Structure formats: C-alpha cells, structure tokens
Amino acid sequence: MQDLFSPTADEGKPPWERIAIGRQACVLRGFALRWENDLLRQVQELVQRAPFRHLRTPGGRQMQVAMTNCGDFGWYSDQRGYRYTATDPLSSQPWPPMPPAFAALAAQAAEAADLPPFAPNACLINRYSVGTRLTLHQDEGDARHPIVSVSLGLPAIFLWGGDQRADATQKLPLQHGDVVVWGGVDRMRYHGVMPVKEGASPVAHPLLDGQRINLTFRHAS
Ligand code: SIN
C-alpha cells in the first residue's frame with residue numbers, strides 16, 4: 001500500500017525539509033507531522049503505564065524535565081548513576097513496548113538523514129513545562145547508532161554544540177513536528193534545550209497544553 005504521506009510524482013518533493021547541521025547531522029523540518037495523531041495517542045497510553053516523573057541526578061538534584069520511557073530499555077538516573085534499565089524502577093515492570101509507529105518514524109528519519117538503517121530499542125520521552133530547560137549533555141547509548149529526536153508541542157531553542165562541553169553552540173529553533181538526527185562523526189556532540197517559553201500550543205491536545213514533548217530514540221546495549 002502506498003504511504004499516504006510519501007511524496008507523489010505531482011508534488012515532486014517531500015512534505016518536509018532537510019537542513020544540515022553537521023557532516024552526519026540534520027534537522028528534518030515537519031518530518032513527524034504525518035505521525036502526529038499516532039504519536040500523541042500512544043504517548044498518552046504509555047504514560048498510563050509508566051508515568052512521567054522527575055528523576056534525580058547522581059548528585060541528588062531533581063531534574064526539571066519530567067521523563068518516562070518505552071522500548072526494551074529506558075534511560076534512568078538516581079543516586080546509583082545514569083544508566084539504561086530493562087524495567088521501570090517505579091513499578092518493577094518492563095518499560096511499555098515501543099509502538100511500531102515510533103520505530104517506523106525513527107527508522108525513516110535516519111534514512112532521510114542518509115544514515116545506516118536504524119532500529120531503536122529505547123525511547124526516552126521528555127516533558128517540558130514553561131521555563132524548563134535541559135543543560136548541555138552527550139547522549140549515552142551505543143554510539144554506533146544515531147539519535148533521532150522528535151519535537152511536539154511548544155517550540156524550543158535547541159542548543160547544538162561540539163564534541164567538547166566548552167565548544168560554541170548554535171541556537172536552532174525547533175517547532176512541533178521537527179526531527180533532529182545525529183550520528184556517525186556527530187554522534188557525541190553536546191546538545192541541550194533553552195528554557196521553554198510560554199506560547200500557544202500548535203495543536204489542541206491535553207499533552208501539549210503549555211508543554212513540549214520530546215521523544216529521543218536511541219540504541220542501548
Ligand atoms: C535530549 O537530549 O534528551 C532531549 C532533547 C530535546 O528535548 O530536544
């Protein structure tokens with residue numbers, strides 16, 4: 001069956017735009033819009049099973065961003081350190097499985113970024129309320145696989161740095177439906193999110209009411 005959202009011969013170009021931000025990194029503007037309804041419905045279901053929570057850094061500070069996970073592994077942080085776990089420490093149950101639409105989006109985004117085939121086994125789901133930021137960091141996980149990061153809801157300024165924390169950062173505005181992909185030589189670049197500003201939600205949905213949701217796909221081993 002033809003993908004309803006793939007470009008047709010008439011249109012001639014895809015309904016999204018690719019902007020290079022590194023040798024193996026790009027922003028895919030509007031790439032996730034075709035999955036919007038599925039993503040929002042699935043996130044709502046997932047958080048019934050594995051609710052958002054504010055994790056603590058190994059040093060004991062509470063993180064501003066609320067997080068949960070789906071997939072074979074979930075990213076976690078507490079006094080024992082940063083790590084991936086197969087079960088949700090809150091419930092002692094496995095993290096909810098990754099919905100097929102999530103895996104399809106991540107795989108197609110990696111392909112659109114000209115990166116090798118990507119089959120994520122971990123999806124970190126971040127929730128930002130107004131004023132929340134994420135400080136510069138590198139993403140853990142198997143660095144042979146890329147990161148695919150999906151933005152929904154309120155816009156944000158993504159800080160895109162270099163391989164060292166002290167490297168200069170670019171400020172990249174991200175909108176609802178944008179996807180950032182980075183792999184290969186760019187896989188360990190520092191990145192973060194500036195405090196999310198108040199604004200009108202791009203679509204009416206309880207998850208996006210005054211909030212930004214980010215899905216970060218990784219391969220953990
Ligand atoms: C992350 O680096 O884990 C999230 C990035 C984002 O929210 O855009």
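Residues numbered from 1 in each chain as written. Predicted model: local features only at pLDDT ≥ 70, side-chain atom pairs only at ≥ 80, totals over all residues. Heavy atoms only, no water.

How should the sheet that holds strand S3 (residues 66-71) be read in this particular structure?
Hydrogen bonding along the main chain pairs the strands of a sheet, whether they run parallel or antiparallel. The 7 strands are arranged S1-S2-S13-S10-S15-S8-S3 in an open sheet whose pairing can be described as antiparallel. Taken across any chain shown, the strands that pair with only one partner, and hence form the sheet edges, are strand S1 (17-22) and S3. Across the sheet, the axes of successive neighbouring strands diverge by a mean angle of 20°, strand direction being ignored. Pairing between strand S10 (residues 147-153) and strand S15 (residues 211-218): 6 bridges, direction antiparallel. Counted as the bridge partner of Ser 151 is Asn 214 from S15. Most of the contacts of helix H1 (residues 36-49) go to S10, to which it runs at about 95°, and overall it touches S3, strand S8 (122-129), S10 and S15. Its contacts with the sheet put helix H2 (residues 100-112) on S1, strand S2 (25-29), S3, S8, S10, strand S13 (179-182) and S15, and the angle it makes with S10 is roughly 115°. (Pairing = 2+ DSSP bridges. Helix = DSSP H or I, 4+ residues; strand = E, 2+ residues; numbered from the N terminus. Axes fitted to C-alpha atoms, helices over the stretch in contact; angles between N-to-C directions. Contact = heavy atoms within 4.5 Å.)

Any chance you could explain the site of the ligand here in plain terms?
In the vicinity of the ligand lie 13 residues, with Tyr 128, His 137, His 191, Arg 212 and Asn 214 positioned nearest. Between the ligand and Arg 212, the relevant distance is 2.8 Å, taken from an oxygen atom to a side-chain nitrogen or oxygen of the residue. Burial of the ligand by the protein chains amounts to 98% of its free accessible area of 260 Å². Listed by contribution, the elements that provide at least two residues to the shell around the ligand are S8, strand S9 (134-137), strand S14 (191-193) and S15. (Near = heavy atom within 4 Å. Polar contact = N/O pair within 3.5 Å; in protein donor to acceptor, adjacent residues only side chain to side chain. Areas by Shrake-Rupley, 256 points an atom, 1.4 Å probe, with all protein chains shown as cover.)

Where do I start with unusual backbone geometry in this structure?
Leaving glycine out, the prevailing phi sign among residues is negative, and the prevailing peptide bond configuration is trans. Here the phi dihedral of Ser 92 falls at roughly 65°; this positive angle occurs in a residue that is not glycine. Structurally, Ser 92 is set in the loop between strand S6 (87-88) and strand S7 (93-94). One non-glycine residue with positive phi stands out, namely Asp 114, at about 65°. With respect to the helices and strands, Asp 114 occurs in the loop between H2 and S8. Accessibility expressed as a relative area gives 58% for Asp 114, which makes it exposed. (Buried < 20%, exposed > 50% of the residue type's maximum accessible area, 1.4 Å probe, protein only.)

Just checking my understanding: could you explain the pattern of salt bridges for this structure?
Pairing is possible between side chains that carry opposite charge, provided their charged atoms lie close to one another. On inspection of all chains with the given rule, the structure shows 9 salt bridges. In this structure, Asp 38 and Arg 41 form a salt bridge, with 2.5 Å as the shortest nitrogen-oxygen distance. Within this pair, Asp 38 and its partner Arg 41 are both found in helix H1, separated by 3 residues, close to a single helical turn. On the basis of relative accessible area, Arg 41 is assigned to the partly exposed category, the value being 41%. One salt bridge in this structure joins Arg 83 and Asp 78, with 2.8 Å as the shortest N-O distance. Residue class for Asp 78 comes out buried when judged on its relative accessible area of 15%. (Salt bridge = Lys/Arg side-chain N within 4 Å of Asp/Glu carboxyl O.)

Quick question: what am I supposed to make of the packing of H1 against H2 here?
Helix packing geometry: the angle between the two helix axes and the distance between the axes. The N-to-C vectors of H1 and H2 enclose an angle of 130°; their axes lie 9 Å apart at closest approach. Considered as vectors, H1 and H2 are oriented oblique to each other. The handedness of the crossing between H1 and H2 comes out as left-handed. Across the interface between the two elements, Asp 38, Leu 39, Gln 42, Val 43 and Leu 46 from H1 touch Ala 101, Phe 102 and Leu 105 from H2. Of the residues assigned to the contact of H1 with H2, the class counts are 6 nonpolar, 1 polar and 1 charged. (Parallel < 35°, antiparallel > 145°, perpendicular 65-115°, else oblique. Left-handed = near helix turned anticlockwise from the far one by under 90°. Nonpolar A, V, L, I, M, F, W, Y, C, P; charged D, E, K, R; others polar.)

So what exactly am I meant to see when it comes to the UniProt feature "domain: Fe2OG dioxygenase" (unreviewed entry) in the protein chain here?
Following the UniProt record, one finds the feature "domain: Fe2OG dioxygenase" (unreviewed entry) at residues 119-221. Note that residues 119-221 is 0% helix and 43% strand, and that its end C-alpha atoms are spaced 12 Å apart. (UniProt positions renumbered as here; feature names shortened; annotations may be inferred.)

Teacher, can you tell me more about the pairing of S10 here?
For a regular strand, the rule is simple: side chains alternate between the two faces of the sheet. Taken across its 7 residues, S10 has 7 buried, putting it largely inside the fold. Here S10 runs beside S13; their pairing, made up of 4 bridges, is antiparallel. Each bridged residue has a counterpart across the sheet, and for Val 148 the counterpart in S13 is Val 181.

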